[in-house]
Amino acid sequence: MDIGGERGGLDPDEPDERLDPPDEQDIRWDGFVAEMTAEAPSELALGVPRQLCEACVRLLPVTGGSLSLADGAGRTRVTLCATDEVAARLAEIQYTLGEGPCRYASEMRAPVSAVDLTGGRDARRWPVFAHQAVEAGAGSAFSFPMSQSGSVLGTVDLYNTGPSSLGEADIRLGLRAADAVAMVLAAVHHGQGDETQPGVGWWTQAEANHEEVYQATGMLMVRLGVSADEAMARLRARAFVLNRTITDVAKDVTNRRDDPRSGD
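Residues numbered from 1 in each chain as written. Predicted model: local features only at pLDDT ≥ 70, side-chain atom pairs only at ≥ 80, totals over all residues. Heavy atoms only, no water.

A. Representation of the overall build of the chain. In terms of helices and strands, the chain carries 11 helices and five strands. A buried classification covers 44% of the 264 residues belonging to the chain. Of the roughly 13,500 Å² that the chain leaves accessible, carbon and sulfur atoms contribute 51%. (Helix = DSSP H or I, 4+ residues; strand = E, 2+ residues; numbered from the N terminus. Buried < 20%, exposed > 50% of the residue type's maximum accessible area, 1.4 Å probe, protein only. Areas by Shrake-Rupley, 256 points an atom, 1.4 Å probe, with all protein chains shown as cover.)

Put into structure tokens, the structure is as follows:
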């Protein structure tokens with residue numbers, strides 16, 4: 001039987017031109033999925049965010065990254081994990097300043113790229129963040145919203161040490177990865193909260209990392225008679241003036257070592 005049509009059959013020694021070779025993007029995506037679904041040790045729940053974050057970094061041409069949660073308004077509120085010190089510093093800078101790609105990605109529910117933080121449009125767009133990001137060791141940054149059930153759970157935030165850009169195919173991969181990460185985080189958070197599988201341990205620990213900020217905000221609201229947004233603005237202004245993180249300034253407030261009643 002002739003199964004090759006006009007070609008007169010298939011020669012096993014010759015490639016079948018009708019079959020497309022595996023796409024490089026598909027290969028990378030398959031590797032990403034394999035990392036996400038790989039069997040892990042019993043303490044998996046406590047290491048879920050970092051495992052997912054590292055998978056995202058290996059999926060795309062970037063140096064490092066972090067995962068951050070957002071509040072109901074899409075504003076970044078807490079960092080779950082970071083692959084290195086630069087990524088951790090970038091997350092803290094954006095949390096302190098209240099500006100940067102991750103904040104904008106949460107609000108717009110769209111990927112955001114800062115391809116050159118050393119100058120040009122991106123440096124003008126977020127001048128303070130860009131300056132501090134370059135000092136921290138980043139030349140470009142990319143943020144992808146983690147969407148879940150119609151809302152933004154947080155962002156996948158990535159960086160390179162120098163100016164760089166992501167192609168359209170990479171951006172599509174980043175969006176797919178961010179949604180997949182959101183799905184896994186939500187599933188673990190809601191499905192493994194018993195004593196033997198403390199799946200929410202990393203979630204509650206992440207919240208605790210910025211507990212001082214929440215406490216300091218509340219103290220300033222009472223002390224100054226201002227709203228939560230105004231109290232947070234006071235903390236950020238003080239942190240900026242002192243060139244410190246908002247977490248450090250908040251610790252001073254809760255320990256009554258400082259009182260950022262103004263940004264002066």
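B. Representation of the nonpolar core in the model. Judged by nonpolar contacts, the single largest core of 32 residues is most densely connected at F32, L67, F144, M146, V156, V181 and L185. Of all the elements in the fold, those that place two or more residues in this core are α1 (24-37), α2 (44-59), β1 (64-70), β2 (76-82), β4 (140-148), β5 (151-160) and α7 (168-191). Excluding anything up to four places from it in sequence, L67 contacts P49, L52, C53, V78, T79, L80, C81, T155, V156, V181 and L185. Within the second largest apolar cluster, 18 residues are counted, among which are A87, L90, L97 and A114. (Core = buried A, V, L, I, M, F, W, Y, C linked by side-chain atoms within 4.5 Å. Contact = heavy atoms within 4.5 Å.)

C. Local environment of the packing of helix α10 (residues 228-242) against helix α11 (residues 246-254). Remark: α10 packs on α11, axes separated minimally by 9 Å, with the N-to-C direction vectors making an angle of 110°. Compared by their axis directions, α10 and α11 come out roughly perpendicular. For the pair α10 and α11, the sense of crossing is right-handed. Where α10 approaches α11, its residues M232, L235, R236, R238 and A239 are matched on the opposing element by I246, V249, A250 and V253. A class-by-class count of the residues in the contact of α10 with α11 yields seven nonpolar, no polar and two charged. (Axes fitted to C-alpha atoms, helices over the stretch in contact; angles between N-to-C directions. Parallel < 35°, antiparallel > 145°, perpendicular 65-115°, else oblique. Left-handed = near helix turned anticlockwise from the far one by under 90°. Nonpolar A, V, L, I, M, F, W, Y, C, P; charged D, E, K, R; others polar.)

D. Representation of α1 in the model. Here α1 contains 14 residues, and its C-alpha end-to-end distance of 20 Å stays within 8% of the 20 Å for a straight helix at 1.5 Å per residue. Looking at α1, one finds that the buried residues are Q25, R28, W29, F32 and M36. Around the axis of α1, the buried residues are gathered within 100° of arc, so they sit on the same side. Away from its buried face by more than 90 degrees, α1 exposes I27, D30 and T37. (Expected span 1.5 Å × (residues − 1). Arc of directions from axis to C-beta.)

E. Spatial organisation of the pattern of salt bridges. Per the counting criterion, the structure on display carries six salt bridges. For R28, the salt bridge is made with D170, and the minimal N-O distance between the two is 2.6 Å. Of this pair, R28 sits in helix α1 while D170 sits in helix α7, and the two are 142 residues apart along the sequence. Comparing R28 with D170, the two get one shared label, buried. Close ionic contact of E107 with R103 constitutes a salt bridge, the shortest N to O distance being 2.9 Å. One end of the pair, E107, and the other, R103, are both in helix α4 (residues 101-108), four residues apart, so they sit about a helical turn from each other. The class of E107 is partly exposed, set by a relative accessible area of 40%. (Salt bridge = Lys/Arg side-chain N within 4 Å of Asp/Glu carboxyl O.)

F. Layout of the packing of aromatic side chains. Inspection of the entire model under this criterion finds two aromatic pairs. Between W29 and F32 the ring centres are 5.1 Å apart and the planes differ by 35°, which places this aromatic pair in the tilted class. A residue pair is termed a helical-turn pair when its members lie 3 or 4 positions apart in one helix, as W29 and F32 do in helix α1 at three residues. Judged by its relative accessible area of 14%, W29 falls in the buried class. A ring pair is formed by Y104 and W126, whose centres lie 6.5 Å apart and whose planes are at 65°; its orientation type is edge-to-face. You can see Y104 sitting in helix α4 and its partner W126 sitting in the loop between α5 (121-125) and α6 (127-136), a full 22 residues away along the chain. For W126, a relative accessible area of 7% corresponds to the buried category. Residue placement shows R125 over the ring face of Y104; its charged tip is 4.7 Å from the ring centre. (Phe/Tyr/Trp six-rings, centres within 6.5 Å; stacked < 30°, edge-to-face > 60°. Lys NZ or Arg CZ within 6 Å of the ring centre and 35° of its normal.)

G. Structural view of the environment of P145. Relative to the helices and strands, P145 is located in strand β4. A relative accessible area of 3% places P145 in the buried class. In this structure the C-alpha to C-alpha distance between P145 and T155, which are 10 residues apart in sequence, comes to 4.4 Å. Apart from the residues within four sequence positions on either side, P145 is in contact with A105, R109, A110, P111, V152, G154, T155, L175, A178 and D179.

H. Quick peek at the side chain of S66. Note that S66 resides in strand β1. When neighbours within four sequence positions are excluded, S66 is seen to be in contact with C53, T79, C81, A82, A87, A91, T155, V156 and D157.

I. Expanded view of the pairing of β4. Within β4, seven of the nine residues are buried, which leaves it mostly tucked inside the rest of the structure. For strand β3 (residues 112-114) and β4, the ladder comprises three bridges, and the chain directions are antiparallel. Within the sheet, the bridge partner assigned to V112 lies in β4 and is S143. By the bridge criterion, nine bridges tie β4 to β5 in an arrangement that is antiparallel. (Pairing = 2+ DSSP bridges.)

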